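# Residue-level structural notes
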Amino acid sequence: MEIVIIGAGVIGLATAWRAAAGGARVTLVDPEPASGASSVAAGMLTPVSEVTYGEEPLLRLGLASRDRYGAFVAELEELTGLETGYRTDGILQVAFDSDDLKYLDDLRRFQETLGIPAEALTGRECRRLEPMLAPGVRGGLHAPEDGSVDPRRLTAALLSAAGRTGVRLVRRRATGIAVANDAATGARLDDGTVIPADRILLAAGSWSGDLEGLPPGTVPPVRPVKGQVIRLRTRTPFLGRATRGLVRGSSVYLVPRTDGEIVLGATQEELGFDMRVTAGGLWELLRDARELLPGITELEFAEVSAGLRPGSPDNAPVMGPSALPGLVVGTGHFRNGILLTPVSADILSAMLLGGSVPGVAVPFSPDRFSAEVH
Ligand code: GLY
């Protein structure tokens with residue numbers, strides 16, 4: 001079985017590793033592996049804290065992925081000797097004013113109807129967990145089973161694992177899909193060559209709709225949603241766990257790493273393929289973060305970056321066989337790409353190797369958009 005995977009972000013890398021481990025010959029095509037949204041992401045593993053009304057199938061997928069994370073990173077770290085920064089110290093959501101607290105209360109009730117326990121905390125209890133929180137923080141929710149991972153370390157480990165498992169990396173841009181007899185037969189590269197394949201996975205994130213040669217109805221409907229992120233550094237303990245805040249209705253989060261990095265994110269902007277970091281975006285992040293954690297202004301500045309999350313029309317992943325035989329789609333992971341990596345890699349590698357679509361993946365099939373794709 002010859003498999004070509006277009007896109008070496010976190011989903012393409014993890015699927016390549018799993019498919020190669022399953023016995024396929026895998027070629028991964030990307031001019032700059034692990035450089036897109038995966039390298040900007042903060043890495044919160046929080047199906048519970050980010051759950052939204054009407055997204056129950058996504059919640060189930062997120063929970064399935066979170067439950068696989070420990071074993072996934074243990075296998076990866078053992079194979080490569082590289083650490084991923086995986087942490088399971090819970091996630092705290094805090095509210096700045098009474099309207100924000102009302103939103104968290106509604107969220108907790110919704111989580112309860114889904115059978116997911118969420119611990120409601122007073123402001124004082126939040127500060128007991130995180131002493132740097134502002135005295136005015138009104139209350140919060142604790143999701144003890146959530147956690148975080150360092151996406152840059154994770155993708156470095158996946159790149160190493162893929163190499164050790166025999167995945168061939170081609171550092172070129174895929175420009176199209178070669179089609180013969182109404183089936184995908186290979187990936188066309190920017191130098192005109194075609195890599196033949198029995199099956200192709202399209203995992204190019206926001207760029208997944210850009211390939212030539214895709215028949216109508218096959219192009220995954222993804223759009224880029226920009227997120228700006230600030231990386232800070234601290235030498236003294238500042239934050240014990242990933243903390244998300246609602247500040248006058250707008251959301252901000254901070255994800256600490258054991259090496260002193262703190263990732264502060266993220267804006268959500270619908271501006272097409274615009275990768276600029278803007279003064280306004282950074283100002284909003286710092287303004288809201290300072291309301292929750294006034295000491296943030298003392299931290300050392302390290303980096304700013306912007307990434308493009310691949311969003312689908314319903315903001316859920318697009319995973320499964322496409323209308324073109326031989327072409328499987330694995331994109332649209334939007335705000336959840338890092339969280340959904342283990343389960344997506346299992347689902348997509350099984351599909352590429354000829355397995356059936358597991359039940360948890362059925363709601364994310366590309367054909368759910370068949371009435372609206374172009
Ligand atoms: N999951 C966090 C974000 O997309 O900003």
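Structure first, text after, so check above.
Residues numbered from 1 in each chain as written. Predicted model: local features only at pLDDT ≥ 70, side-chain atom pairs only at ≥ 80, totals over all residues. Heavy atoms only, no water.

## Observations concerning helix α4 (residues 98-113)
- End to end, α4 covers 23 Å across 16 residues, agreeing with the expected 22 Å (1.5 Å per residue, within 8%).
- Taken together, the buried positions of α4 are Asp100, Leu104, Leu107, Arg108, Phe110 and Gln111. Down the axis of α4, the buried set is contained in an arc of 165 degrees. They therefore lie on one face. Exposed and facing more than 90 degrees away from the buried side of α4 are Asp99 and Thr113. (Helix = DSSP H or I, 4+ residues; strand = E, 2+ residues; numbered from the N terminus. Expected span 1.5 Å × (residues − 1). Buried < 20%, exposed > 50% of the residue type's maximum accessible area, 1.4 Å probe, protein only. Arc of directions from axis to C-beta.)

## Focus: the environment of Pro313
- Within the fold, Pro313 resides in the loop between β17 (300-311) and β18 (318-321).
- C-alpha separation for the pair Pro313 and Val48, spaced 265 residues apart in sequence, amounts to 22 Å.

## Looking at the packing of helix α3 (residues 56-80) against helix α8 (residues 341-352)
- Two elements in contact, α3 and α8, have axes whose closest approach is 6 Å; the angle formed by their N-to-C orientations is 95 degrees. Looking at the two axes, α3 sits roughly perpendicular to α8. Here α3 contributes Leu61, Ala64, Ser65, Arg68, Tyr69 and Phe72 to the contact with α8, which in turn contributes Thr341, Pro342, Val343, Asp346 and Ile347.
- Grouping the constituent residues of the contact of α3 with α8 by class yields 7 nonpolar, 2 polar and 2 charged. (Axes fitted to C-alpha atoms, helices over the stretch in contact; angles between N-to-C directions. Parallel < 35°, antiparallel > 145°, perpendicular 65-115°, else oblique. Contact = heavy atoms within 4.5 Å. Nonpolar A, V, L, I, M, F, W, Y, C, P; charged D, E, K, R; others polar.)

## Regarding the side chain of Arg231
- With respect to the helices and strands, Arg231 occurs in strand β13 (residues 223-233).
- Every residue in contact with Arg231, bar those within four places of it in the chain, is listed here: Ser39, Val40, Ala41, Arg152, Arg257, Glu261, Ile262, Val263, Phe301, Ala302, Glu303 and Ser305.

## Description of helix α6 (residues 151-164)
- With 14 residues, α6 should cover 20 Å at 1.5 Å per step; its first-to-last C-alpha distance of 20 Å lies within 8% of that length.
- All of the buried residues along α6 are Pro151, Leu154, Thr155, Ala157, Leu158, Ala161 and Ala162. What you see down the axis of α6 is that its buried residues fit within an arc of 160 degrees, all on one side.
- Contact partners of the buried residues in α6: α1 (10-21), α2 (37-40) and α3.

## Focus on the sheet that holds strand β2 (residues 25-29)
- Read from one edge to the other, the open sheet built from 6 strands follows the order β8-β2-β1-β12-β19-β18, with strand pairing classed as mixed. Every other strand in the sheet has two partners, leaving β8 (168-170) and β18 as the edge strands with one partner each. Averaged over all adjacent pairs, the angle separating strand axes in this sheet is 20 degrees, with direction ignored.
- Looking at chain direction, β2 and β8 are connected through 3 bridges and run parallel. (Pairing = 2+ DSSP bridges.)

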